[in-house]
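Fold and geometry: a report
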Amino acid sequence: MGLGLRWTLHGDGRTPAPGAVVRPDERLSWPRTAGLGAQHVVAMFGATFVAPVLMGLDPNLAIMMSGVATAVFLLLTRGRVPSYLGSSLSFVGVAAAIRASGGDSATITGALLVVGVVLLLAGFVVQRFGARVIHAVMPPVVTGAVVMLIGFNLAPVTASTYWPQDQWTALLTMLFTGLAVVALRGFWSRIAIFLGLVFGYAVSWLFDVLFGKIHSPAGGAEAVDHWRLDLSAVAEADWIGLPSLHAPEFRWSAILVALPVVIALIAENAGHVKAVGEMTGDRLDDALGTAIGADGAATVLSTAVGGPATTTYSENIGVMAATRVYSTAAYWAAACFAVLFGLCPKFGAVIAAIPGGVLGGITVILYGMIGLLGAQIWLAGNVDLRNPLNLVPVAAGIIIGVGGVSLEITDTFELNGIALGTIVVLTGYHVLRALAPAHLREQEPLLDEGTSSYDVGDADPTDTGRSDGEAGPGGPDRR
């Protein structure tokens, strides 16, 4: 079986034929393929370098390793799953928690490397037993709750670290980014975060010119006079050079904080593989385990040298949908461009100079969107939160995760925040389900139907309200 490195020319090599798509094993002319690769780089850019900046890692290394990770993913999936692997935002809260407990960048990447190993093993399990094992262990009610608490756990980071550095720039950046997400169309809407960063950069420069230095916390607790936009490091940076590398360090306390994110990554990969399969017309159910394992392998490779964990990017799936070009050749071009960007320290210095107020405006939206993806998982899985079997573990786990509740096990070890919240949701749901009476396992509502529902008359009569990932009689099979 090949490595997916051979492509046949689609049509005349210029544009897809009317009503046709460029399949993964096809390509357009090489100049057009390179142009599509550049477009994929722009689409992934915002999130890929924002994630390491928020985690305190080297953005240059993150960009470079995203290209390497994409190449590894394409090789391991034999070119069947066109996808770009960028920095995962799911670990931003993990990084904040690890640093708050005294950890550093090496501790963070060590924890993320272990997550990559677990994700790789999960890929083997899914490949061996099928996708049903995912839904058995992590039904939508559990997956949605974990994703939600990961996102909302980040709220204090924005409120206490970024926003206070420049509240007015943060507010304007937030408003512009929100407008871009909603009002722009097509490709431009998919790079709204990147456009928001550019806008915030411009606003910070303009405010420095008009108002001079600002008196505010500059990443610390004490307020000082400082420029909003400081580009002094950009002038000193070289044009060509290797990013900074470091070895990972392993601590159990940090690893336990990071491990729950595996649930989010598995759900993310599964959703992306399904989306790509539907768009290309190639059922990829048999490739799901390989894709999950490939993401795990790419994460191990990236974190082993000091980079962030990786994940498949929906932004690039959107680019494919808009262009009707699913060629993996375009992703190879994107990977090459990303590696070249990573070898330019001056580019990294520009990224590192992003003002704190700009990050404040961006993260208000970004962190909230991550959290609300959990609610989207509930909606897609028909999760009924009126059922106490769902409501109780979810309610407890989210409050623990978002509120930073701690459980001291020994004098030197405790569980808190994301880790403890995930354990409560996951174990609580399965234990309660094993002990619950049959009528609760059948998803009967907690409250009276007439006082807890809206537009009951418009409800789908085939909807049974089941939330364990299985379809009821007449309902869609969500597995």
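An unreviewed UniProt entry annotates the protein chain as Solute carrier family 23 protein originating from Streptomyces macrosporus. Its UniProt record, at the heading Sequence similarities (unreviewed entry), says of the protein chain: "Belongs to the nucleobase:cation symporter-2 (NCS2) (TC 2.A.40) family." Annotation of the protein chain in UniProt includes, under Subcellular location (unreviewed entry), the sentence "Membrane".

Comments concerning the environment of A235
Tracing the sequence through the fold places A235 in helix α11 (residues 232-236). The sequence separation of A235 and V350 amounts to 115 residues, and the corresponding C-alpha distance is 9.5 Å.

A word on helix α10 (residues 192-211)
With 20 residues, α10 extends 28 Å from end C-alpha to end C-alpha; this agrees with the ideal 28 Å at 1.5 Å per step. Those residues of α10 that sit buried are A192, I193, L195, G196, L197, G200, Y201, V203, S204, F207 and D208. G212 sits one or two residues past α10 and shows a positive phi near 75°.

Comments concerning the nonpolar core
One finds F91, V94 and Y367 to be the most contacted residues of the largest nonpolar core, which totals 99 residues. Per-element accounting of this core gives the leading share, nine residues, to helix α1 (residues 30-55). Within the second largest apolar cluster, five residues are counted, among which are V22, L28, L36 and A330.

Observations regarding the pattern of salt bridges
Pairs can form between side chains of opposite charge once their charged atoms are near each other. Tallied over the full model, the rule gives five salt bridges. We note a salt bridge from R251 to E249, for which the minimum N-O separation is 3.0 Å. Given the relative accessible area of 33%, R251 is considered partly exposed. Under the relative-accessibility criterion, E249 is labelled partly exposed at 32%.

Re the environment of F199
Assignment of secondary structure puts F199 in helix α10. Residue F199 is classed as partly exposed on the basis of its relative accessible area of 25%. Spatially, the C-alpha atom of F199 lies 8.5 Å from that of T177, the residues being 22 residues apart in sequence. Leave out the neighbours within four places in its chain, and F199 touches L172, T173 and F176.

Quick notes on the side chain of T109
The residue T109 is located in helix α4 (residues 105-129) in this model. At 3.2 Å, the side chain of T109 forms a polar contact with the side chain of H246.

Remarks on the packing of helix α2 (residues 59-76) against helix α17 (residues 345-352)
Running from N to C, α2 and α17 point in directions that differ by 120°, and their axes come no closer than 8 Å. Taken together, the axes of α2 and α17 lie oblique to each other. Packed against α2, whose contacting residues are P59, N60 and I63, the element α17 presents P345, F347, G348 and I351 at the interface.

So, the confidence of the model for the protein chain
With 88% of its residues at a pLDDT of 70 or more, the protein chain shows a mean pLDDT of 81. Within the model, the stretch residues 444-479 combines pLDDT values under 50 with 54 contacts to residues more than four positions away or in other chains.

Quick notes on the packing of aromatic side chains
Taken as a whole and judged by the stated rule, the model has three aromatic pairs. Between F176 and F199, the aromatic rings sit 4.3 Å apart at their centres with planes inclined by 5°, giving stacked as the arrangement. Of this pair, F176 sits in helix α8 (residues 167-183) while F199 sits in helix α10, and the two are 23 residues apart along the sequence. Given the relative accessible area of 27%, F176 is considered partly exposed. Ring plane angle 70° and centroid distance 5.4 Å describe the contact between F207 and F211, whose orientation is recorded as edge-to-face. Placement of the pair is F207 and F211 together in helix α10, with a separation of four residues, close to one helical turn.

Calculation notes
- Residues numbered from 1 in each chain as written.
- Predicted model: local features only at pLDDT ≥ 70, side-chain atom pairs only at ≥ 80, totals over all residues.
- Heavy atoms only, no water.
- UniProt positions renumbered as here; feature names shortened; annotations may be inferred.
- Helix = DSSP H or I, 4+ residues; strand = E, 2+ residues; numbered from the N terminus.
- Expected span 1.5 Å × (residues − 1).
- Buried < 20%, exposed > 50% of the residue type's maximum accessible area, 1.4 Å probe, protein only.
- Core = buried A, V, L, I, M, F, W, Y, C linked by side-chain atoms within 4.5 Å.
- Salt bridge = Lys/Arg side-chain N within 4 Å of Asp/Glu carboxyl O.
- Contact = heavy atoms within 4.5 Å.
- Polar contact = N/O pair within 3.5 Å; in protein donor to acceptor, adjacent residues only side chain to side chain.
- Axes fitted to C-alpha atoms, helices over the stretch in contact; angles between N-to-C directions.
- Parallel < 35°, antiparallel > 145°, perpendicular 65-115°, else oblique.
- pLDDT = per-residue confidence, 0-100.
- Phe/Tyr/Trp six-rings, centres within 6.5 Å; stacked < 30°, edge-to-face > 60°.

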